[in-house]
Amino acid sequence: MTTASIVSRVWSFCTTLRDDGVGYGDYLEQLTYLIFLKMADEYAKPPYNRDVGIPEGHDWTSLTTRRGAALEEHYVALLRHLGQQKGMLGQVFAKAQNKITDPAKLFRLIDMVDGTNWVMLGADVKGDIYEGLLERNAEDTKSGAGQYFTPRALIRAMVACVRPEPGRTIADPACGTGGFFLAAHDFLADPDIWPLDRDQKEFLKHSTFDLRPP
């Protein structure tokens, strides 16, 4: 399945949930929780066989084996339980709540996530999917999301005009999804624009980007 087809499928389900009063932000939040659990399940299996730390009975399998009211009740309990865990897992699910109250649609969303091998997609593809959803939302005039989403082509053009230089710090306290940082990195790493020496590559890797608030 291609990135475009995944974006189209995920977005079409978003419009379905909107009829139930589930906003785009809530939908993206629920999708993030479910993809996290699905990826944890993938990493726990061969060839990775990692101890991902998801408590037994509150993992991905516990969601795919339930339907109807039992699924909704379990999903609510699962989010609450994971939010009480220590470390990064508890931080990811802190104050997590179920925003999809229709069990049938929750099952469909879980089934949709289950049909994709997210680990195999790679970080760049998952980033493209996320950006694709943001772009779709920005194009939806009803959401008003265009005010905070800048198209990637426009970002690349702006970076090319500013022309960041090696050895200089780039700050963007309101970086959002980091689109300007990514475009600036690609600009600086392009050997046809800046043939970086070893020290400049180290600076680009460790010291170029500053996310601290002003």
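The preceding data block contains the structure.
Residues numbered from 1 in each chain as written. Predicted model: local features only at pLDDT ≥ 70, side-chain atom pairs only at ≥ 80, totals over all residues. Heavy atoms only, no water.

### Quick notes on the overall build of the protein
Selection rule: Every helix listed is a DSSP run of H or I at least four residues long, and every strand listed is a run of E at least two residues long, numbered separately from the N terminus. The rule is simple: take the accessible area with a 1.4 Å probe, protein chains only, and divide by the maximum for that residue type; under 20% is buried, over 50% is exposed, in between is partly exposed. Throughout, a residue-residue contact means that at least one pair of heavy atoms, one from each residue, lies within 4.5 Å.
The secondary structure content of the protein amounts to eleven helices and two strands. Along the protein, helices (α) and strands (β) appear in the sequence α-α-α-α-α-α-α-α-α-β-α-α-β when read from the amino end. In the protein, which comprises 214 residues, the proportion classed as buried is 36%. Taking the intrachain contacts of the protein between residues at least 6 apart in sequence as the baseline, contacts between residues at least 24 apart amount to 65%.

### Here's the deal with the pattern of salt bridges
Oppositely charged side chains can form a pair if their charged atoms are brought close together. For clarity, the cut-off: Salt bridges are defined as contacts in which a side-chain nitrogen from Lys or Arg sits within 4 Å of a carboxyl oxygen from Asp or Glu.
Counted according to the given criterion, the structure contains five salt bridges. With its nearest N and O atoms 3.1 Å apart, the salt bridge here joins D41 to K45. With a closest N to O distance of 3.8 Å, E165 and R168 form a salt bridge. The exposure class assigned to R168 is exposed, which follows from its relative accessible area of 52%. Here the residues in one salt-bridge network are D26, E29 and K99, joined through shared partners.

### A word on helix 10 (residues 179-189)
Regarding helix 10, the residues found buried are G179, F181, A183, A184, F187 and L188. Those residues of helix 10 that are buried are in contact with helix 9 (152-162), strand 1 (170-171), helix 11 (198-206) and strand 2 (209-210).

### Some remarks on helix 6 (residues 103-114)
Let me state the cut-off plainly: Multiplying 1.5 Å by the helix residue count minus one yields the expected span of that helix. Two N or O atoms form a polar contact when they lie within 3.5 Å of each other; inside protein one atom must be a possible hydrogen donor and the other a possible acceptor, and for residues adjacent in sequence the pair counts only when both atoms belong to side chains.
Here helix 6 contains twelve residues, and its C-alpha end-to-end distance of 16 Å stays within 8% of the 16 Å for a straight helix at 1.5 Å per residue. If you check which residues of helix 6 are buried, you get K105, L106, F107, L109, I110, M112 and V113. The inward-facing, buried residues of helix 6 abut helix 1 (3-18), helix 2 (24-43), helix 3 (60-64), helix 4 (68-83) and helix 7 (118-121). Where helix 6 begins, one side-chain oxygen reaches toward the backbone nitrogen of A104, 3.0 Å away; that side chain belongs to D102.

### Notes on the environment of E29
Assignment of secondary structure puts E29 in helix 2. Separated by 68 residues in sequence, E29 and Q97 place their C-alpha atoms 9.4 Å apart. Those residues in contact with E29, other than ones at most four positions away along the chain, are Q97 and K99.

### Details of the nonpolar core
The condition that has to hold: Note on terminology: a nonpolar core comprises buried Ala, Val, Leu, Ile, Met, Phe, Trp, Tyr and Cys residues joined through side-chain atoms within 4.5 Å.
In terms of nonpolar packing, the biggest core is built from 42 residues, with Y27 and L63 touching the most fellow members. Elements with a contribution of two residues or more to this core: helix 1, helix 2, helix 3, helix 4, helix 6, helix 7 and helix 8 (123-139). Broken down by element, this core gets its largest block of residues, ten residues, from helix 2. Excluding residues within four positions of it along the chain, Y27 makes contact with V10, F13, C14, L17, V22, L109 and M112. Ranked by size, the runner-up nonpolar core spans ten residues in total, among them I170, F181, L196 and L204.

### Side note on the packing of helix 2 against helix 6
Note the following rule: Here, axes are lines fitted to C-alpha atoms. For helices the fit covers the stretch in contact, and angles between N-to-C directions go from 0 to 180 degrees. Any angle that is under 35 degrees is reported as roughly parallel, and any over 145 degrees as roughly antiparallel; angles of 65 to 115 degrees are reported as roughly perpendicular and all others as oblique. Working rule for handedness: look at the near helix, and if it is turned counterclockwise from the far one by less than a right angle, call the crossing left-handed; if clockwise, right-handed. For this classification, the nonpolar set comprises Ala, Val, Leu, Ile, Met, Phe, Trp, Tyr, Cys and Pro, the charged set comprises Asp, Glu, Lys and Arg, and every other residue, Gly included, is treated as polar.
Remark: helix 2 packs on helix 6, axes separated minimally by 10 Å, with the N-to-C direction vectors making an angle of 50°. Between helix 2 and helix 6, the angle is such that the two are oblique. Considering how the two elements wind past one another, helix 2 and helix 6 form a crossing that is right-handed. Facing Y27, L31, L34, I35 and K38 of helix 2, the residues of helix 6 in contact are L109, I110, M112, V113 and D114. Grouping the constituent residues of the contact of helix 2 with helix 6 by class yields eight nonpolar, no polar and two charged.

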